[in-house]
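Here is how the chains run, residue by residue.
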Amino acid sequence: MDINELSTEALIGQLFLEVGNPEEDDKSDPTDLEEQDMRYRQAMEMFLSRVPASSSVEAHPDMPLLTDVAKLVIKCQNGLRLAFFRGISDMALGPEQTHWGVIQRAYVAYLQWVLHGRIISDLPGATGANVAASQPQPSQGPGMCTHCRRRPVILICERGCALKFGSSTTISTGYCCADCRRLHRPVHDSICSQRGNFIRSVYFMMKSIYAVGRKTAALVPKTFEEKQGITILTEKHRYADALVGKHLLGDFNQDPFHSTRHTSMAFYDDYAPDVGYMLSPLKEWLWTDLCKNIEEVAVLVKNVHLPLLRIHADDTKTFTILEPHTVLRVTLECNEVFAVDLAAGRFGWREFLMPWRDFERQRIWKIVSVSPSSLSASRSLPTESLHLPEIWKIHYRRTILKFGIEHYREVFHAEYGPETNILDVSRNLNERERLSGLLGDILELLCAPALGGLPTERPYGRLYLTPEFELRVTCRQVVPFNVPLTSIWLSEDRSAEFEELSIDALKQTWAALLWQHGLI
């Protein structure tokens, strides 16, 4: 039979056959992505070319969706597999259908496994060894004494080099008895000091980013729910805010969330894409003379329970489990290697610092890329694009951190002296809490729009609309921003009124305002 005369069922089966094995693609080397994109493009093009010649197209329940998805996928320049994944996600999140062929059923089953968090124990065909290898284990490996290597651990070093999250100890050096701990101290002293300082440095990093993130949220949540094993966050649009000139950033709104875990997931997901840009002032302040090597590692994660799906205002979807997640791989001068995951909360994880070997075993499905990260150099932002909300948000957060840390260091050195290291002072728990509280207060004060924010940013950061109904932000670096458009902001008390309107109705309102002011 000519392939153009295939039945609709066979035509769909041919599509899923030609895109290839999704598990192999999910684990493939990043250098193979160009070949993968080409394969998906060819499969989509062949599928669409055969559709008119096939019979019963409209009668088949999957054909309208797959046709639309194929058209969208071939418009992508890259990332075609992910675009296909997103396009058929409703198929994967719904019940299994009796009309699916064997190849389609296997493909959708794998996608379903991915979207539900890549839980290794649920992977079809996973072996007991594979499952066990990805489960949390004590960082001491067999749990034997660090000194004598003969007896089980019952004590750990308690001088600040251990890290606990709840009842779980993530990082520690353990001993079978007090004698072994005492005898090992000369060997352990250097490691203990470096590791303890490093743990405290990451603690201050988390406190800094949390303080800034809490006061500079761009996310405006609408609803939050758990459904079909997925955590679903639906966002409000910002067009109504742009009509009245509201600030892009504001306090993080916790109202729609039902639990601390849900709040944490949304909060950390909001700033996760910006972490790499925000870290430069923190690394230079806290990690100088402490770290031998720092790398930014983009990974696909696994073993995520209730992964997050964000449904944006334009109805596009972002599955965090599909997106590369950036962590830092840090090697200390004592050669210990750690994973610093400052946005771990987006996956419901509490542990933001782990030995790299444990992080790799338990949480990494695939390493996408590795790039060096210096202490002082920061990622550049395109100045000409700072009027775009997502770019301006990064710029503002990074500026807040830079100004805030400079001011904080002046306050700290005035109290303790210019040669004093904050990591040494913060060995005392009470001092650590006091110092981190002061740091948070300074950063939050700088962030607060009601207090004017940074002196150089006061007139800026307010949303407005272009004649084409695109969101933009007033900013000092792109001068002049469109003053006529910002001059027709309406009174802020009408914001609630506009929020009830559909996007189409808002477009009509905006067009009427432009006509009224002679701007179109």
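Shown above is the structure to which this text applies.
Fair warning: this is a prediction, and the values are worked out from it, not measured in the lab.

Caption draft 1: Layout of the side chain of Arg238. Turning to its location among the elements, Arg238 is positioned in the loop between strand E6 (230-235) and helix H10 (239-243). In this structure the side chain of Arg238 is engaged in a polar contact, spanning 3.2 Å, whose partner is the backbone oxygen of Ala218. Once residues lying within four places of it in the same chain are set aside, the contact partners of Arg238 are Ala218, Val220, His247, Leu248, Leu463 and Leu471.

Caption draft 2: Seen up close, the environment of Leu290. Along the polypeptide, Leu290 turns up in the loop between helix H13 (280-286) and strand E7 (291-301). In this structure the C-alpha to C-alpha distance between Leu290 and Glu333, which are 43 residues apart in sequence, comes to 6.4 Å. The contacts of Leu290, once residues within four sequence positions are left out, are Gln194, Asn197, Phe198, Ser201, Leu332, Glu333 and Leu423.

Caption draft 3: Spatial organisation of the pattern of salt bridges. Within this structure, the stated rule accounts for 29 salt bridges. Where Glu96 meets Arg105, a salt bridge forms, and the shortest distance between an N and an O atom there is 2.4 Å. Judged by relative accessible area, which is 55%, Glu96 ranks as exposed. Asp274 is the partner of Arg397 in a salt bridge, and the nearest nitrogen-oxygen pair spans 2.9 Å. Placement of Arg397 in helix H15 (residues 389-416) and of Asp274 in the loop between helix H11 (260-271) and helix H12 (275-278) is noted, with a sequence separation of 123 residues between them. Across the pair, exposure class does not vary: Arg397 and Asp274 are buried alike. Look at the salt bridges and you will find they share partners, linking Glu235, Asp269, Arg310 and Arg346 into a network.

Caption draft 4: Local environment of unusual backbone geometry. In this model, Arg118 sits at a positive phi of 50°, which is unusual for a non-glycine residue. Among the structural elements, Arg118 can be located in the loop between helix H7 (102-115) and helix H8 (128-133). Of note, the phi angle at Asn335 is positive, near 75°, even though the residue is not glycine. Note that Asn335 resides in the loop between strand E10 (325-332) and strand E11 (337-340).

Caption draft 5: Fine view of the sheet that holds E11. On the basis of which strands lie adjacent, the open sheet formed by five strands has the order E12-E11-E10-E7-E13 and antiparallel pairing. Each edge of the open sheet carries a strand with a single partner, namely strand E12 (353-355) and strand E13 (364-372). Direction aside, the axes of adjacent strands within the sheet are offset by 30° on average. By the bridge criterion, three bridges tie E11 to E12 in an arrangement that is antiparallel. Paired with Phe338 across the strands is Pro355, a residue of E12.

Caption draft 6: Quick peek at the nonpolar core. By size, the foremost hydrophobic cluster in this structure holds 90 residues, and its most contacted members are Phe198, Trp287 and Leu353. Ignoring any residue separated from it by four or fewer positions in sequence, one finds Trp287 in contact with Phe198, Ser201, Val202, Met205, Leu282, Ile294, Leu328, Val330, Val340 and Leu375. Listed in part, the 57 residues of the second largest apolar core include Tyr40, Leu48, Val299 and Val327.

Caption draft 7: Spatial organisation of the packing of helix H1 (residues 8-19) against helix H3 (residues 33-50). Where H1 contacts H3, the two axes come as close as 9 Å, and the packing angle between them is 165°. It follows that H1 is roughly antiparallel to H3 by the angle criterion. Judged by the sense of rotation from one axis to the other, the crossing of H1 with H3 is right-handed. Contact residues: H1 offers Leu11, Ile12, Gln14, Leu15, Glu18 and Val19, while H3 offers Arg39, Tyr40, Ala43, Met44, Met46, Phe47 and Arg50.

Caption draft 8: Examining the sheet that holds E6 more closely. Strand order in the open sheet made by the four strands is E5-E6-E8-E9, with mixed pairing throughout. This sheet does not close on itself; its edge strands, each paired only once, are strand E5 (221-227) and strand E9 (317-319). Sheet twist, expressed as the average angle between the axes of neighbouring strands with direction ignored, equals 15°. Where strand E8 (residues 308-311) and E9 come together, three bridges link them in antiparallel fashion. When the sheet's bridge partners are listed, Ile311 is paired in E9 with Lys317.

Caption draft 9: Local environment of a nonpolar patch on the surface. A contiguous nonpolar surface patch, about 300 Å² in accessible area, is contributed by Leu17, Val102 and Ile103. For Leu17, the position within the fold is in helix H1.

Cut-offs used in this document
Residues numbered from 1 in each chain as written. Predicted model: local features only at pLDDT ≥ 70, side-chain atom pairs only at ≥ 80, totals over all residues. Heavy atoms only, no water. Helix = DSSP H or I, 4+ residues; strand = E, 2+ residues; numbered from the N terminus. Polar contact = N/O pair within 3.5 Å; in protein donor to acceptor, adjacent residues only side chain to side chain. Contact = heavy atoms within 4.5 Å. Salt bridge = Lys/Arg side-chain N within 4 Å of Asp/Glu carboxyl O. Buried < 20%, exposed > 50% of the residue type's maximum accessible area, 1.4 Å probe, protein only. Pairing = 2+ DSSP bridges. Axes fitted to C-alpha atoms, helices over the stretch in contact; angles between N-to-C directions. Core = buried A, V, L, I, M, F, W, Y, C linked by side-chain atoms within 4.5 Å. Parallel < 35°, antiparallel > 145°, perpendicular 65-115°, else oblique. Left-handed = near helix turned anticlockwise from the far one by under 90°. Patch = residues over 30% accessible without salt bridge, like charges linked within 9 Å, V, L, I, M, F, W, Y side chains within 5 Å. Areas by Shrake-Rupley, 256 points an atom, 1.4 Å probe, with all protein chains shown as cover.

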